[in-house]
Amino acid sequence: MNELKSRLARLLLELSYKEGDFTLTSGKKSDYYFDCKQTALNAEGGYLIGRLFVEMLKDYAVQGVGGMTLGADPLVTSVTVVSFLEGRPLPGFIIRKKSKGHGTNQYLEGLANFKQGDKVVLLEDVCTTGGTLITAAERVRDAGLEIVGVLAVLDREEGGRERLKEAGLELNAIFTRQELLAAGK
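Read on for an overview of the structure. (Residues numbered from 1 in each chain as written. Predicted model: local features only at pLDDT ≥ 70, side-chain atom pairs only at ≥ 80, totals over all residues. Heavy atoms only, no water.)

Some points on the overall build of the protein
Right, so step 1: Looking only at helices and strands, the protein has seven helices and eight strands in total.
Right, so step 2: Principal-axis analysis of the C-alpha atoms gives the protein an extent of 45 × 40 × 30 Å.
Right, so step 3: Scored against the burial criterion, the 185 residues of the protein give a buried share of 48%.
Right, so step 4: Residue pairs at least 24 apart in sequence account for 67% of intrachain contacts in the protein once pairs closer than 6 positions are excluded.
Right, so step 5: Entry remark: accessible area of the protein is about 9,000 Å², with carbon and sulfur atoms responsible for 49%.
Right, so step 6: For the protein, the separation between the mean place of its 24 positive charges and that of its 25 negative charges on side chains is 3 Å. (Helix = DSSP H or I, 4+ residues; strand = E, 2+ residues; numbered from the N terminus. Buried < 20%, exposed > 50% of the residue type's maximum accessible area, 1.4 Å probe, protein only. Contact = heavy atoms within 4.5 Å. Areas by Shrake-Rupley, 256 points an atom, 1.4 Å probe, with all protein chains shown as cover. Lys, Arg positive; Asp, Glu negative; His and termini not counted. Charge placed at Lys NZ, Arg CZ, Asp CG, Glu CD.)

Okay, structure coming up:
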């Protein structure tokens, strides 16, 4: 797995990591920006993220994975495909930012693959303050699923892990910023 993490780190630094002056979704200012979608939508990047997440998911007894659109869309897809190829198929769901407003008026897409009480893990590209994940978790719980963990590509180590823990969610990440910078060398 170390070789996979090194390859992913190099791709993330090449495609997703930018230094400069940025304002994040949380409103915080930062000297770097991490746009994971650039790597997750790259063929090799998507595969590597899927492989690493599927490896991490071996520590969880779950029936599937999901996350908030748009950042988690390619992550969920990569995990569902890789999990199938590795003989432990895990279905996915996507959480809408707003309910459909018609038909079933639901927040979650893909629920036909789940039953009430199924255990799931949330996937996230970047965790900063944890606010998006807490909103996502509320919608998932309202849909009748039980969240047993959160996996992220990058933990910015800016309070998100602690805020999630207060909300009853445990975060595990492929990288922290320092780990990413060190692994990409």
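Describing the nonpolar core
If you look at soluble globular proteins, the nonpolar side chains tend to sit buried side by side.
Right, so step 1: Phe-34, Phe-53, Leu-57 and Leu-123 are the most contacted members of the largest nonpolar core, which has 36 residues in total.
Right, so step 2: Mapped by element, the contributors of at least two residues to this core are helix H1 (2–15), strand E2 (29–34), helix H3 (43–57), helix H4 (73–85), strand E6 (119–127), strand E7 (146–155) and strand E8 (171–176).
Right, so step 3: If one sorts the elements of this core by residue count, H3 sits on top with seven residues.
Right, so step 4: Counting 20 residues, the second largest nonpolar core, distinct from the first, contains Ile-134, Val-140, Ile-147 and Leu-169. (Core = buried A, V, L, I, M, F, W, Y, C linked by side-chain atoms within 4.5 Å.)

Topic: helix H5 (residues 131–142)
Right, so step 1: Helix length check: H5 (12 residues) gives 17 Å between terminal C-alpha atoms against 16 Å at 1.5 Å per residue, within 8%.
Right, so step 2: Within the sequence span of H5, burial applies to Leu-133, Ile-134, Ala-136, Ala-137, Arg-139 and Val-140.
Right, so step 3: Elements that come into contact with the buried residues of H5 comprise strand E3 (64–68), strand E4 (92–95), strand E5 (108–109), E6, E7 and helix H6 (160–166). (Expected span 1.5 Å × (residues − 1).)

As for a nonpolar patch on the surface
Right, so step 1: Residues Val-81, Phe-84 and Leu-85 make up a contiguous nonpolar surface patch of about 350 Å² in total accessible area.
Right, so step 2: As for its position among the elements, Phe-84 is in helix H4. (Patch = residues over 30% accessible without salt bridge, like charges linked within 9 Å, V, L, I, M, F, W, Y side chains within 5 Å. Salt bridge = Lys/Arg side-chain N within 4 Å of Asp/Glu carboxyl O.)

Describing H3
Right, so step 1: Its 15 residues place the ends of H3 21 Å apart at the C-alpha level, agreeing with the 21 Å of an ideal helix rising 1.5 Å per residue.
Right, so step 2: Within H3, the full set of buried residues consists of Gly-45, Gly-46, Leu-48, Ile-49, Gly-50, Leu-52, Phe-53, Val-54, Met-56 and Leu-57.

Topic: the side chain of Arg-139
Right, so step 1: By the secondary structure assignment, Arg-139 is in helix H5.
Right, so step 2: One buried charged residue, Arg-139, forms no salt bridge at all, with the nearest opposite charge on Glu-138 at 6.5 Å.
Right, so step 3: Of note is the side chain of Arg-139, whose polar atom sits 2.8 Å from the backbone oxygen of Arg-96.
Right, so step 4: Setting aside anything within four residues of it in sequence, one finds Arg-139 in contact with Met-68, Ile-95, Arg-96, Lys-97, Tyr-107 and Leu-108. (Polar contact = N/O pair within 3.5 Å; in protein donor to acceptor, adjacent residues only side chain to side chain.)

Some thoughts on the sheet that holds E7
Right, so step 1: An order of E5-E4-E3-E6-E7-E8 is seen for the six strands of this open sheet, with the pairing classed as mixed. Each edge of the sheet is formed by a strand with only one pairing partner; in this case those strands are E5 and E8.
Right, so step 2: In the sheet, E6 pairs with E7 via eight bridges, with the strands oriented parallel. The residue of E7 that forms the bridge with Leu-123 is Leu-151. (Pairing = 2+ DSSP bridges.)

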